[in-house]
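Examination of the molecular architecture
Here are the chains, one letter per residue:
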Amino acid sequence: MDVTMLLHGFYISASPENLLACTVGVLIGTVVGILPGIGPTGAIALLLPLSFGMDVTTSLIMLAGIYYGSMYGGSITSILLNVPGEGGAVVTCIDGYAMAKKGRAGAALAIAAIGSFIAGTLGVLGLTFFAPLIANFALAFGPPEYFAIGFLGLIILTNLTGASALKSSLMVAVGVMLGAIGMDSLTGISRFTFSVSELQRGVDFTIVAMGLFGIGEVLHTIAQSHGKAILQPVRFWDLYPNKQEWRRSVAPIFRGGAIGFLVGLIPGPAAVISTFVSYMVEKHRSKYPDEFGKGAIEGVAGPESANNAAVSSTMIPLLSLGLPFTPVSAILLSGFMIHGVIPGPTLITQQPDLFWGLIASMYIGNVLLLLINLPLVGIFASLLQIPINVLMPVVLIITLTGAYAINNSFFDLFLLVLFGVLGFFMKRCGYEPAPLAIGLILGPTLETGLVQGLIIGSGNISSLFTRPISGVMLLCAMMVIIFQLAKWLTKWNDNRKLANTQYISHKN
Amino acid sequence: MSPKIVRLLGTCFLSLTIVLAGCGSTPDKPVVIQEQYPTKPITIIVPFTAGGGSDMLARAMERSATKYLGQPLVVVNKPGGAAMVGWNELASTKPDGYTIGITNVSLILQPLYGPTNYHYPTALDPIAQVASLPIIMAVKSEQSWQNIDDLIKYAKQSPGTIKYGHPGLGTAAHVAAEMFAKTAGITIEQVPFRGASEALTAFLGGHIQLLFVTPAEIKEYLKSGKVRVLAIAEEQRLNDPDLKHIPTFKEQGIDVIFSIWQGVGAPKNLPEDVKKKLAEGFSGIVNDPTFQKSVADLGLKVEYLGPQESAVKWVAENSRLTKIIKETGIGETIASQKN
């Protein structure tokens, strides 16, 4: 069955040109992940012409390598500089950068690489054995289900960083409002574009993330009056994780892998959402919840594993059904089509060499990435030794260039700086940027799902609850709300009683 | 005066001189055409995201560009606003032949829905029409409707229960669907999606019953029998062996003909020589066998029209579509939502 075909796939992917393509692909992917702004979509689009002359298997091995390679590289700038290399690395900024400031950058980088490897490999295993099953499961999710996911996600993930629930909720609301900017493709109405034609396509998530996290942090560092010459000195043996960090990371890696694999089936920014969910789960399950936000290793291990597993599960609808759920898989689909191959249910039977060769190359690619990334941890961590007055301008330039590379638009640079300034002031006032990112991502999913779902249900809102999958999810969301309300009411009641007894005792 | 002040003043004067000299401009001379146009790479603006059909078309042309145009084509993606961001940029650049763009039927449709920055059919000049995509109407094989009459009968009995998906409000597929509904006299509800893939996903999951899309996305499912195509909006049946069996709307009694044509255009007032060179170049590219094969692989049909014929077609399409949009009421629906 599958195992013999998989071995045949290894044989194919081990041929010299396929191995070379794999290596080139993952190298480019890592670089693309490191550079903020340009993501795997842009890189694959640029390299597609290169693949014209190649055999279809070879070119797809290379292009897929760019995709999962970028998930390895994205964490590097997140951890070192608080600049998310791309969407899936945004959550890593939170605890990864905090660890770097404590001098544990090397440990964070190493755990990120290893977690990515384990989860990536597990993801490909899942892809190998469960692809058709999961693909059909993914089809059962229609617009009402996406609405339910968006709703549930917003309810659960609001208090991600746990500071003040009110502040987080405010940020989520702002994020949802930002997500509404642009020409809505469902109704054709331009919302909040203030007659600026560049705003018609909306506010790009990567730009907002790079601005809030990256530029905001640069400004914050500059504004610190007691500035140190370098960020944090690092001793060599601090470069790799210590035993306690290892122990704490094992479970999050596997959990993150499972979460990433499941969440990766949602259309849209699945990798990003999976990192948020993983972070939330790790925070609740950790024995050290107070460390989250100040450098908890689980906050790096979980999300980094999740985004790699999500890559594998995004490939499932693509390969089994020919359906691209994310922009990257859309351009991979074009990569297939331009070679005359249309992925779908018949791909596995009609083109077994291509299918199994590609899957086998993903295993090999993950190993290559681990071998590339681990030794470089030392070099990357020592980048922090560069004096701040050199490092910060370089970060600025790289971020600006990367932002321009996304849409070739000067307006985006203006937005980047705007969000940078916003991020700076938010940080000063104690507002976290992560909830804003969640609102920005889940808002459009929620709205699109609601509009489409209501049309499908002929305007009947109860139709959202009667469908099995969405009904269950909405019920869970309702229960969470009720539970939180009950908790708040009891606390309010207790406080009232306490105040009364204090008053009485005062009187006496 | 102290040496410091002298140095400061000297620097100021020097920089002022440089700035003033640099700002000096000569009046605009008409573009002098040397026989060597093009002398540098030509930018082609694709007003869609990377990976989409139009983007792939541009990249397929890029492959053969150097051979026929003498310079490479540089693909620049400027997505957003249903292609309007890209077309706005194209309409506002200098007509010197070094910036061109991908055009398609939407540039005629969009101005009909509401005010746009430019009136694209008159602000842009076609250089060539390159390819065209047919539009099909599909249902899942499990459905009981075997042909278009079954569908119409069912729709008349229970109006509004059938939901159809399309790649976006105001897209050609949407217009074709509304044309069908009006001509057949039935009511079907439209569910808008962002792109054909989203619509296809919902369709395969059974959340919508009808799908209006181009054949490329659905070919595999057609071949494996999971999907049944009830009609195609073309004059005649296609020659493609996989699609030959699809009856046209027309032969089943519903006169709906709508194809999505794609081409290359430039801002208006291109110098004649430049336009001629570009037209020749693209004519060569389109007839190149490698290009034709790539395009066929993408599910597009090569349909070449030169600049003059394209211009005539644009005018004809404009009047035809204006009439259709008004008749089917799409224009009002979209306009009312925009206000």
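Residues numbered from 1 in each chain as written. Chains lettered and ligands numbered in written order. Predicted model: local features only at pLDDT ≥ 70, side-chain atom pairs only at ≥ 80, totals over all residues. Heavy atoms only, no water.

Concerning the interface of chain A and chain B
How big an interface is tends to be stated in terms of the accessible area lost upon association of its parts. Put simply, the test is: Note on definitions: a residue-residue contact is assigned when non-hydrogen atoms from the two residues lie within 4.5 Å. Here the quantity called buried area is the total loss of accessible area, with a 1.4 Å probe, experienced by two parts when brought into contact, counted for both. Any Lys or Arg side-chain nitrogen located within 4 Å of an Asp or Glu carboxyl oxygen qualifies as a salt bridge. By the criterion applied in these results, polar contacts are pairs of N or O atoms within 3.5 Å in which, for protein atoms, one can donate a hydrogen and the other can accept it, and in which residues neighboring in sequence qualify only through two side-chain atoms. Working definition: helices are DSSP H or I runs of at least four residues, strands are E runs of at least two. Numbering for both runs from the N terminus.
Facing the 45 residues of chain A at the interface are 45 residues of chain B. Carbon and sulfur atoms supply 61% of the area buried between chain A and chain B, which totals about 3900 Å² over both sides. Scanning the region where chain A abuts chain B turns up zero salt bridges. Joining chain A to chain B, the criterion identifies seven residue pairs in polar contact (both at pLDDT 80 or more). Mapped by element, the contributors of at least two residues to the side of chain A that touches chain B are helix 7 (143–157), helix 13 (327–337) and helix 18 (433–456) of chain A.

A look at helix 6 (residues 148–157) of chain B
All names here are of chain B. For clarity, the cut-off: In this scheme, a residue with accessible area under 20% of its type's maximum is buried, one over 50% is exposed, and one in between is partly exposed, where area comes from a 1.4 Å probe on protein chains only. In this description, one arc is meant: the one made by directions from the helix axis to the C-beta atoms.
Among all positions of helix 6, only Ile148, Leu151, Ile152 and Ala155 are buried. Buried positions in helix 6, seen along its axis, are confined to an arc of 95° and lie on one side of it. Among the exposed residues of helix 6, those pointing more than 90 degrees away from its buried face are Lys153 and Gln157. Close packing links the buried residues of helix 6 with strand 5 (136–140), helix 7 (172–184), strand 8 (210–213) and strand 9 (227–232). The N-terminus of helix 6 is capped by Asn147, whose side-chain oxygen sits 3.1 Å from the backbone nitrogen of Asp149.

Let's talk about the nonpolar core
So the rule is basically this: As used in this record, nonpolar core signifies buried Ala, Val, Leu, Ile, Met, Phe, Trp, Tyr and Cys residues forming a set joined through side-chain atoms within 4.5 Å.
One finds Met315 of chain A together with Phe203 and Ile218 of chain B to be the most contacted residues of the largest nonpolar core, which totals 85 residues. Sorting elements by how many residues they give to this core places helix 4 (residues 56–81) of chain A first, with eleven residues. Those residues in contact with Met315 of chain A that lie beyond four places of it in its chain are Ala64, Tyr67, Leu127, Leu332, Leu358 and Met362 of chain A. Counting residues in each nonpolar core, the second largest holds 84 residues, with Ile100, Ile188, Ala279 and Ile285 of chain B among its members.

What to know about the environment of Ala123 of chain B
By the secondary structure assignment, Ala123 of chain B is in helix 5 (residues 120–123). Sequence-distant contacts of Ala123 of chain B, defined by excluding residues within four places in its chain, comprise Ala91, Tyr118, Pro267 and Lys268 of chain B.

Quick word on unusual backbone geometry
A positive phi is found at Phe192 of chain A, a non-glycine position, where the angle reads about 55°. With respect to the helices and strands, the residue Phe192 of chain A is situated in the loop between strand 2 (190–191) and helix 9 (205–223).

Description of the packing of helix 5 (residues 90–101) of chain A against helix 9 of chain A
Working note: a packed helix pair is described by the angle between its axes plus the distance between those axes. Residue and element names in this part refer to chain A. Formally: Under this scheme, a helix contributes an axis fitted over its contacting stretch, all axes are lines through C-alpha atoms, and angles between N-to-C directions fall in the 0 to 180 degree range. Reported orientations rely on four angle classes, namely roughly parallel under 35 degrees, roughly antiparallel over 145, roughly perpendicular from 65 to 115, and oblique for the rest. Left-handed is the label given to a crossing in which the near helix is rotated counterclockwise from the far helix by less than a right angle, and right-handed is the label when the rotation is clockwise. The nonpolar class holds Ala, Val, Leu, Ile, Met, Phe, Trp, Tyr, Cys and Pro. Asp, Glu, Lys and Arg form the charged class, and all remaining residues, Gly among them, are polar.
Here helix 5 crosses helix 9 at 20°, and the two axes come no closer than 11 Å. The orientation of helix 5 with respect to helix 9, classified from their angle, is roughly parallel. Between helix 5 and helix 9 the crossing geometry is right-handed. Contacts from Val90, Cys93, Ile94, Tyr97 and Lys101 of helix 5 reach helix 9 at Phe205, Ala209, Phe213, Glu217 and Thr221. Residue classes in the contact of helix 5 with helix 9 are distributed as seven nonpolar, one polar and two charged.

Describing the packing of helix 5 of chain A against helix 12 (residues 298–321) of chain A
Residues and elements named next belong to chain A. In contact at an axis separation of 8 Å, helix 5 and helix 12 are set at 145° when each is read in the N-to-C sense. Between helix 5 and helix 12 lies a crossing of left-handed hand. Residues Val91, Thr92, Asp95, Gly96 and Met99 of helix 5 touch helix 12, and the partners they reach there are Gly299, Val300, Pro303 and Glu304. Here the residues of the contact of helix 5 with helix 12 sort into four nonpolar, three polar and two charged.

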